[in-house]
Amino acid sequence: MKIGFLSLPLSGHLNPMTSLARKLQSRGNDVVFLGVPDVEPFARAAGLEFVSYGEREYPTGSIARIWSRVAKLHGKEVLRYTLRELSPGLVKAALEHLPETIAETGIETLVIDKIYFFVELVAMHLGIPFVHVWNVLNLDMSGSTPACSFSWPHETTPEALARNLEGVVEVGSYFGPLVEAVQPYAEKLGIEVDWNDPNDTLSRLAVVSQIPREFDYPGIPWPAQFHYTGPFHDGEGREPVPFPWEKLTGRRLIYASLGTLVNGLEHVYRTILEAVAPLSGVQVVLSVGRNVDLDKIGPVPSNTIVVRSAPQVELLKRAALCITHAGLNTALEALAQGVPMVAIPISYDQPGVAARIAYHGAGEFIELEELSTQRLSQVIQKVRMNPTYREKARYFQKVITDARGLDAASEAIERAFGITPVADSAGEEAELSHA
């Protein structure tokens, strides 16, 4: 059986998706990664067969240029801009080109990034089985918990549940432009969709989330086919990132990064540099990405190394603290190394991830609107000096190790597609955690 993979062409999605594809391939499955041309380096680094589509609409180099437009935004404006200006074009290109590409490639099943919204319409049109994968924090549209774009605390009072439902309505309103873009495709092919039901096109076979059950909020009424697994990280299959290792002094390391998308807010980097400058006995590595002017982030203190990109997992293995935007991959990679966090969520699912970090005691977060040098300094010291944060991070380190996320996700997918599960190296299958 030939399994095709579809992911948003962004590193935060491609890194876990290529890891999962490579794991399925290592288990004897025939796997091919599909994508616009900018996906190819990620697939090739992971040792995967790659087939492109949408070359005309998205030539090589276009994704970084187009997505850089959200770098200076924050909060709701990021979501609105993404779903109005960025996502519709990608989805329309997929809907136009994928049927022919899939037929030519001989793909029989699809594993689809859940945030590549409505691409499953292709699978529904072709009549091929598909499963969904949450690479970002799974979006609860039931109102039982706050939707992941909000940092509201998890509460079960009538007032909190009413607030959650208002949030669901707000999030749903952002999808209008995207729905308008895909409705003609569905109607042309005779695919009936209840556009008011966010789960109407959800895979009926399997929905896989890379977060452990223990990191989510309790009580979310996921469908029966939903599986918590654990992170899709194995530290391999990525292009190497150069780093001046000789500059590390051996002092306690703080790693700081705001990710690869909404990472162009210079004042946040200035605040981080000002907050860490007085710290003694530590060294800081600050990764700033490609969307900031280094001259605008302020003077770099003597205890800090500033780089455009960094080998994140390798640095987290040495870190005592992570200052993060609360992107899910960074949060899970930090927890996998037992590293507590100070989070500064910017947008997308980051508020929900940050709220869970605090809810579970693995760190604290600061709202962007409340960020100041003094406030950040206080929270850094609080997390550094209170051992309970590291203890909770180490608890999640064990949870993640025991979850064996790649194996659990692979087995869920194989079962959904009727593929005989393959035992792991210990001769046992990974335990699946159902909703």
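Residues numbered from 1 in each chain as written. Predicted model: local features only at pLDDT ≥ 70, side-chain atom pairs only at ≥ 80, totals over all residues. Heavy atoms only, no water.

Quick notes on the pairing of strand β2 (residues 30-35)
With five of six residues buried, β2 lies mostly within the body of the structure. As judged from the five bridges shared by strand β1 (residues 2-6) and β2, these two strands associate in the parallel manner. From the neighbouring strand, F5 faces β2, where its bridge partner is F33. This β-α-β element, β1 to helix α1 (residues 11-26) to β2, shows right-handed connectivity. Across four bridges, β2 lies against strand β3 (residues 49-52) in parallel orientation. Note that in β3 the partner of L34 across the bridge is V51. (Buried < 20%, exposed > 50% of the residue type's maximum accessible area, 1.4 Å probe, protein only. Helix = DSSP H or I, 4+ residues; strand = E, 2+ residues; numbered from the N terminus. Pairing = 2+ DSSP bridges. Right-handed = clockwise from strand over helix to strand, strands pointing away.)

Brief notes about helix α14 (residues 405-416)
Taking 1.5 Å of rise per residue, the 12 residues of α14 would be expected to cover 16 Å, and the 16 Å separating its terminal C-alpha atoms lies within 8% of that figure. Burial runs high along α14: 11 of the 12 residues are buried. Among the residues making up α14, those that are buried are G405, L406, D407, A408, A409, S410, E411, A412, I413, E414 and A416. For α14, the elements touching its buried residues are α1, β4 (109-113), β5 (130-134), β6 (207-209), β7 (226-228) and α13 (387-403). One or two residues past the end of α14 sits G418, with phi positive at roughly 75 degrees. (Expected span 1.5 Å × (residues − 1). Contact = heavy atoms within 4.5 Å.)

Notes on the side chain of S287
Locating S287 in the fold gives a position in strand β9 (residues 282-287). Residues in contact with S287, not counting those within four places in the same chain, are Y255, A256, S257, L258, Y269, V307, R308, S309 and A310.

Here's the deal with unusual backbone geometry
Residue Y348 is not a glycine yet carries a positive backbone phi of 50 degrees. Looking at where Y348 falls in the secondary structure, it is placed in the loop between β12 (341-343) and α11 (350-359). Of note in this structure, R404 is not a glycine but carries a positive phi near 50 degrees. One can find R404 in the loop between α13 and α14. Classification of R404 as partly exposed rests on a relative accessible area of 25%.

Details of the packing of helix α10 (residues 328-336) against α13
The geometry of α10 relative to α13 is characterised by a closest axis approach of 7 Å and an angle of 95 degrees between their N-to-C directions. Looking at the two axes, α10 sits roughly perpendicular to α13. From α10, L332, L335 and A336 reach across to α13, where they touch A393, F396, Q397 and I400. A breakdown of the residues in the contact of α10 with α13 according to their chemical character gives six nonpolar, one polar and no charged. (Axes fitted to C-alpha atoms, helices over the stretch in contact; angles between N-to-C directions. Parallel < 35°, antiparallel > 145°, perpendicular 65-115°, else oblique. Nonpolar A, V, L, I, M, F, W, Y, C, P; charged D, E, K, R; others polar.)

A word on the nonpolar core
In a soluble, globular protein the nonpolar side chains are often hidden away together inside. With 153 residues, the main nonpolar core has F5, F33, L34, W67, L110 and I323 as its most contacted residues. Per element, the largest residue contribution to this core is 12 residues, and it comes from helix α4 (residues 76-105). Not counting chain neighbours up to four residues away, the residues in contact with F5 comprise M17, L20, A21, L24, V31, V32, F33, L34 and V111. (Core = buried A, V, L, I, M, F, W, Y, C linked by side-chain atoms within 4.5 Å.)

Here we look at the pattern of salt bridges
This structure, assessed with the given rule, holds 17 salt bridges. Across the pair E170 and K76 runs a salt bridge whose closest N-O atoms are separated by 3.1 Å. Of the two residues, E170 sits in helix α6 (residues 158-173) while K76 sits in helix α4, which places them 94 residues apart along the sequence. For E170, a relative accessible area of 22% gives the class partly exposed. For K76, a relative accessible area of 43% puts it in the partly exposed group. Here the salt bridges do not stand alone but share partners, grouping K23, R27, R404, D407, E411 and E414 into one network. (Salt bridge = Lys/Arg side-chain N within 4 Å of Asp/Glu carboxyl O.)

Structural notes on the sheet that holds β9
Strand order in the open sheet formed by six strands is β10-β9-β8-β11-β12-β13, with parallel pairing between adjacent strands. Because the sheet does not close on itself, it has two edges, and the strands there are β10 (304-307) and β13 (363-365). The average undirected angle you get between the axes of adjacent strands in this sheet is 15 degrees. Pairing geometry for strand β8 (residues 252-257) and strand β11 (residues 319-324), over five bridges, is parallel. Across the sheet, I254 pairs through a bridge with L321, a residue of β11. Sheet strands in contact with helix α8 (residues 266-276) are β8, β9, β10 and β11, and its direction is about 175 degrees off that of β9. Set on the sheet, helix α12 (residues 373-385) makes contact with β8, β9, β11, β12 and β13; between it and β12 the angle comes to about 155 degrees.

Remarks on the packing of α8 against α12
Packing of α8 against α12 leaves a shortest axis separation of 9 Å and a crossing angle of 55 degrees. As the angle between them shows, α8 and α12 are arranged oblique. Relative to α12, the crossing made by α8 is right-handed. Contacts between α8 and α12 involve T271, I272, E274, A275 and V276 on the former and, on the latter, T373, L376, S377 and I380. In terms of residue class, the contact of α8 with α12 is built from five nonpolar, three polar and one charged. (Left-handed = near helix turned anticlockwise from the far one by under 90°.)

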